[in-house]
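The primary structure of each chain is shown beneath.
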Protein chains: 2
Amino acid sequence: MDRVILVKLSTKGRYGLRAMVDLAVHSGGGHVALYSIAERENISENYLEQVFSTLRKAGLVKSVKGAQGGYTLADKPSNITVGAILRVLEGNLSVVDEDSEASGIGENSIQHCIKVAVWDRMTESLNKLVDSMTLEDLANEYRRMNGKANLMYYI
Amino acid sequence: MDRVILVKLSTKGRYGLRAMVDLAVHSGGGHVALYSIAERENISENYLEQVFSTLRKAGLVKSVKGAQGGYTLADKPSNITVGAILRVLEGNLSVVDEDSEASGIGENSIQHCIKVAVWDRMTESLNKLVDSMTLEDLANEYRRMNGKANLMYYI
DNA sequence: TCCATTCCAAGTAATCCTATATGATTAATT
DNA sequence: AATTAATCATATAGGATTACTTGGAATGGA
């Protein structure tokens, strides 16, 4: 994946983040079958497959094939940030002016000025935010909202 | 314009902001013809027309038709924020999960949790940032980068 | 009147998004 | 070994969006 543009959140990013939180909440140490996530979150299973294919290749989830197989998080929820997930599914989380990335744009142009003063600051602000949130935070928040005990994770 | 989704910056937003800064920098009180902006900023004039049509209808620029006509900012640069420009051209600057806007999504769902914890925070962060920057800031920054005296304020 | 300029309405080609569908592969269970 | 539950890999198609282009009408200054 080579995109650097983004910042529109497509269903890939939104579904993917939801599915990852679902996984964090519902995996009791074992594997979770895709269809169960798709069912709970009301997302097309076929489509989710593609999302998970991307997540797996990026090393964010691990899979086990065959009967009783499924997916698990590849790391502790506290080590997986929202930013990492979005970046994998949406491309680099940056507000870039493509044209000013192209070589040859003068350092003195208005374009460059806007890039530095606006786009780059937006990019930094967004990245700081999403990198500060982990799946653990979201799973805890979800449990809190539902008044459920905060189960400890398997080591 | 009814969009609420966004956060992808299209050329409308990028060209429009550039053109507005150009206008702030190059209008010496008079009107500026579109073709001159298009030329300086290397943007298709025909396309810029559409952008300015939107800006005009939103009251951010004023136009004068006929020979020697052109555009001017509708207000002082210090009163026009980057946020206002982007909002007009791109729609509301928010990271919304369309599906969770649809009625009927449970308050307890993971979806809702993500909306509150992630999308809404991103939205707030972005809006605070773009609303804190004005055309005056950008014009000054541009002049500073080019080592030019800041005519409006230092003379 | 001529011409520069804004204004307006459509059309369009390309790209991206969002799925859906199909079939292959893998591995646990029976 | 056969069955079954699951992932894995592509292909494709409709729709939406983007980024323009085209053609002309209206306006007003010289």
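The structure we're discussing is the one just above.
The rules behind these values
Residues numbered from 1 in each chain as written. Chains lettered and ligands numbered in written order. Predicted model: local features only at pLDDT ≥ 70, side-chain atom pairs only at ≥ 80, totals over all residues. Heavy atoms only, no water. Least-squares fit on C-alpha atoms with pLDDT ≥ 70 in both. Helix = DSSP H or I, 4+ residues; strand = E, 2+ residues; numbered from the N terminus. Buried < 20%, exposed > 50% of the residue type's maximum accessible area, 1.4 Å probe, protein only. Near = heavy atom within 4 Å. Polar contact = N/O pair within 3.5 Å; in protein donor to acceptor, adjacent residues only side chain to side chain. Nonpolar A, V, L, I, M, F, W, Y, C, P; charged D, E, K, R; others polar.

Visitor: Can you help me understand the relation of the copies chain A and chain B in this one?
Guide: What connects the two chain copies is a rotation about an axis and a shift along it. Least-squares fitting of chain A to chain B yields an RMSD of 0.1 Å, with the transformation described by 0.0 Å of translation along the axis and a rotation of 179°. Interpreted geometrically, this transformation is the action of a two-fold axis.

Visitor: Where do I start with unusual backbone geometry in this structure?
Guide: The phi angle of most residues is negative, glycine excepted, and most peptide bonds adopt the trans form. Residues and elements named next belong to chain A. A positive phi angle is found at Q68, which is not glycine, with a value near 65°. When you line up the elements, Q68 lands in the loop between β1 (61–64) and β2 (70–73). The exposure class of Q68 is exposed, given its relative accessible area of 76%.

Visitor: I'm lost on the protein's contact with DNA strand D in this one. Help?
Guide: DNA strand D sits among 24 residues. The nearest are S63(A), Y71(A), T11(B), N46(B) and Q50(B). In DNA strand D, atoms within 4 Å of the protein come from the sugar-phosphate backbone in 67% of cases. At a separation of 2.9 Å, a base nitrogen of DNA strand D approaches a polar side-chain atom of E49(A). At 2.6 Å, a side-chain N or O of S63(A) approaches a phosphate oxygen of DNA strand D. Among the elements of the structure, α2 (34–41), α3 (45–57), β1 and β2 of chain A together with α1 (11–26) and α3 (45–57) of chain B are those that each provide at least two residues to the surface near DNA strand D. Considering every element that reaches the surface near DNA strand D, the biggest residue donor is α3(A), with 4 residues. In terms of residue class, the surface near DNA strand D is made up of 9 nonpolar, 10 polar and 5 charged.

By themselves, these figures tell us nothing about what the structure is for.
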